[in-house]
Amino acid sequence: MVLSFVFKLTNFGIFKGFQFCVTMGKMTKLSISPKILKKHENAFQVEWKDGHASWYPYRYLRQMCPCAECAIIRHEGKDVHSLFSPQGDGDISLIDVSEDIQPIDIQLVGRYAVQFSWDDGHNTGIYPFEVLRETCPCPECMPLQPDELEDTN
Ligand SMILES: [Zn+2]
Ligand SMILES: [Zn+2]
């Protein structure tokens, strides 16, 4: 009796875990776990364990820098609460970055983030994989972003 009770509980646990994974949709553990991280000439490539591929042009990545200093610049003139809104990235064009910005160093921070040191001297930006995935500029993730990027170039 006791054994079968334990067995049923375990089964239920697995089932619940599976359901949770399915209903989470966009932000599953696989979708924020990188499989491949690669530095290219003009962009940083991340291939995720769920099969999605993300390309981040360096200029975009620098403008999206998640450090407090850059977040404040992107939200200039706005209420501080906009930092925590769903569109919390702010206005990336407020970050003044040269067209040919390059990372001089890319370091893994534990298992959860990458830190970029840029050739403009800025190196305080730690990019958690969750943030990278959220800001993937591909047409599938951000239908409007590529046009905006082209306009600023
Ligand atoms: Zn920054
Ligand atoms: Zn994407």
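It should be emphasised that the depicted structure is a prediction, and the values quoted were computed from it without experimental measurement.

1. Describing the overall build of the chain
Along the backbone of the chain there are five helices and six strands. Start at the N end of the chain and walk to the C end: the helices and strands fall as α-β-β-β-α-α-β-β-β-α-α. Across the 153 residues of the chain, 14% fall into the buried class.

2. Some words on the sheet that holds strand S1 (residues 34-39)
Strands sit in the order S1-S2-S3 across an open sheet of three strands; the sheet is antiparallel. Bordering the open sheet on either side are S1 and strand S3 (53-57), each of which pairs with just one other strand. The mean inter-strand angle of the sheet, taken between neighbouring strand axes irrespective of direction, is 15°. The sheet contact formed by S1 and strand S2 (residues 43-48) spans five bridges and is antiparallel. Bridge assignment links Pro34 to a residue of S2, and that residue is Trp48.

3. A short note on the environment of Ile104
Relative to the helices and strands, Ile104 resides in strand S4 (residues 103-109). Put simply, Ile104 and Phe116 are twelve residues apart on the chain and 7.8 Å apart in space, counted from C-alpha to C-alpha.

4. Notes on the pairing of S4
It is a general feature of regular strands that their side chains alternate between the two faces of the sheet. Counting buried positions along S4 yields zero of seven residues, so the element is predominantly exposed. Direction of pairing for S4 relative to strand S5 (residues 113-118): antiparallel, over a ladder of six bridges. Across the sheet, the residue bridging to Gln107 is Gln115, located in S5. Counted along the chain from S4 to the antiparallel partner S5, the turn is three residues long, and its residue Gly110 has a positive phi close to 55°.

5. Focus on the sheet that holds S4
Pairing within the open sheet is antiparallel, and its three strands lie in the order S4-S5-S6. The two strands at the open ends of the sheet, each matched to only one other strand, are S4 and strand S6 (125-128). Each adjacent strand pair in this sheet contributes to an overall mean axis angle of 25°, direction not counted.

6. Here's the deal with the pairing of S3
As paired strands, S2 and S3 are joined by five bridges and run antiparallel to one another. Counted as the bridge partner of Val46 is Ser54 from S3. Counted along the chain from S2 to the antiparallel partner S3, the turn is four residues long, and its residue Gly51 has a positive phi close to 100°.

7. Observations concerning the environment of Ser33
Positionally, Ser33 belongs in the loop between helix H1 (2-24) and S1. On the basis of neighbour counts, which here come to 14 C-beta atoms within 10 Å, the residue Ser33 falls in the partly exposed class. Each C-alpha atom of the pair Ser33 and Phe129 lies 7.0 Å from the other, and the pair is 96 residues apart in sequence. Not counting the four nearest positions on each side in its chain, Ser33 is found in contact with Trp48, Lys49 and Phe129.

The rules behind these values
- Residues numbered from 1 in each chain as written.
- Chains lettered and ligands numbered in written order.
- Predicted model: local features only at pLDDT ≥ 70, side-chain atom pairs only at ≥ 80, totals over all residues.
- Helix = DSSP H or I, 4+ residues; strand = E, 2+ residues; numbered from the N terminus.
- Buried ≥ 20, exposed ≤ 12 C-beta atoms within 10 Å, placed from the backbone.
- Pairing = 2+ DSSP bridges.
- Axes fitted to C-alpha atoms, helices over the stretch in contact; angles between N-to-C directions.
- Contact = placed C-beta atoms within 7 Å.

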